[in-house]
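Remarks on the overall topology
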Amino acid sequence: KETYRRGVYTREEEGTTGIGEGIAIPHCKSDSVKKPGLAAMTIPSGVEYDSLDRAPVNLVFLIAAPNTSDNVHLDVLSKLSVLLMNEDFTKALKDAKTVDEFLEVINKAEANKKEEKEEKEEVTVKGAKANILAVTGCPTGIAHTYMAAESLEKMAAKMNCNIKVETRGSGGAKNVLTRSEIEQADCIIVAADTKV
């Protein structure tokens, strides 16, 4: 337990896992962890956390991952980050009064996300205002990489634009842009604070 705890604090020294909007996702990949685990906690009054937006944190997810090549914590982080982009979802988590209520909010959101993904598949809007491409990346290649992608996709839909976002996460590039897509794009957005 102590080895894992030290690992969490060491990771925090590399850069805050307080991603903003009152949310923190501390995590550690360690030989001391035998199987993946996730703990969650709400802090109604909030706590100082050195978050990116300097706001207090009142929703914490702690991820424990074994030191294996499959990097299971990266999958959990990316999925969690995308879910946390939904303000209704985070509000429902913060408002949950019991563990069962909290878990029900998560289960419902995962089911909805799965349905959306099945329906989504490279939709091209006829009469779209623009064809946009984007690349997202952050220093750790985890939370903000996927949160930026989700935010761009939502805004493009709202503005009646087609969009394809390449994510440059720590698990490698996903949804990679092709030469022909680049040639046909009206605009390319690079949302990154790292070399893409």
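Scroll up for the structure.
The structure contained in this document is the topic of the report that follows.

1. Things to note about the overall build of the protein chain
Each helix and strand counted, the protein chain has six helices and nine strands in total. Every one of the 196 residues in the protein chain was classed for burial, and the buried ones make up 36%. By element, 53% of the accessible surface of the protein chain is carried by carbon and sulfur atoms, the whole surface being about 12,200 Å².

2. Overview of the sheet that holds strand 8 (residues 172–174)
Pairing is mixed in the open sheet, where four strands are placed in the order 8-7-6-9. With partners counted over all chains shown, the strands left at the sheet margins are strand 8 and strand 9 (187–192), one partner each. Here the average twist between neighbouring strands, direction ignored, is 15 degrees. Where strand 6 (residues 131–137) lies against strand 9, six bridges are found, and the strand directions are parallel.

3. Thoughts on the pairing of strand 7 (residues 162–169)
Across the eight residues that make up strand 7, a large majority, six, are buried. One ladder, built from six bridges, connects strand 6 with strand 7; its direction is parallel. From the neighbouring strand, Leu133 faces strand 7, where its bridge partner is Lys164. Here strand 7 runs beside strand 8; their pairing, made up of three bridges, is antiparallel. Counterpart to Thr167 in the pairing with strand 8 is Lys174.

Cut-offs and rules
Residues numbered from 1 in each chain as written. Predicted model: local features only at pLDDT ≥ 70, side-chain atom pairs only at ≥ 80, totals over all residues. Heavy atoms only, no water. Helix = DSSP H or I, 4+ residues; strand = E, 2+ residues; numbered from the N terminus. Buried < 20%, exposed > 50% of the residue type's maximum accessible area, 1.4 Å probe, protein only. Areas by Shrake-Rupley, 256 points an atom, 1.4 Å probe, with all protein chains shown as cover. Pairing = 2+ DSSP bridges. Axes fitted to C-alpha atoms, helices over the stretch in contact; angles between N-to-C directions.

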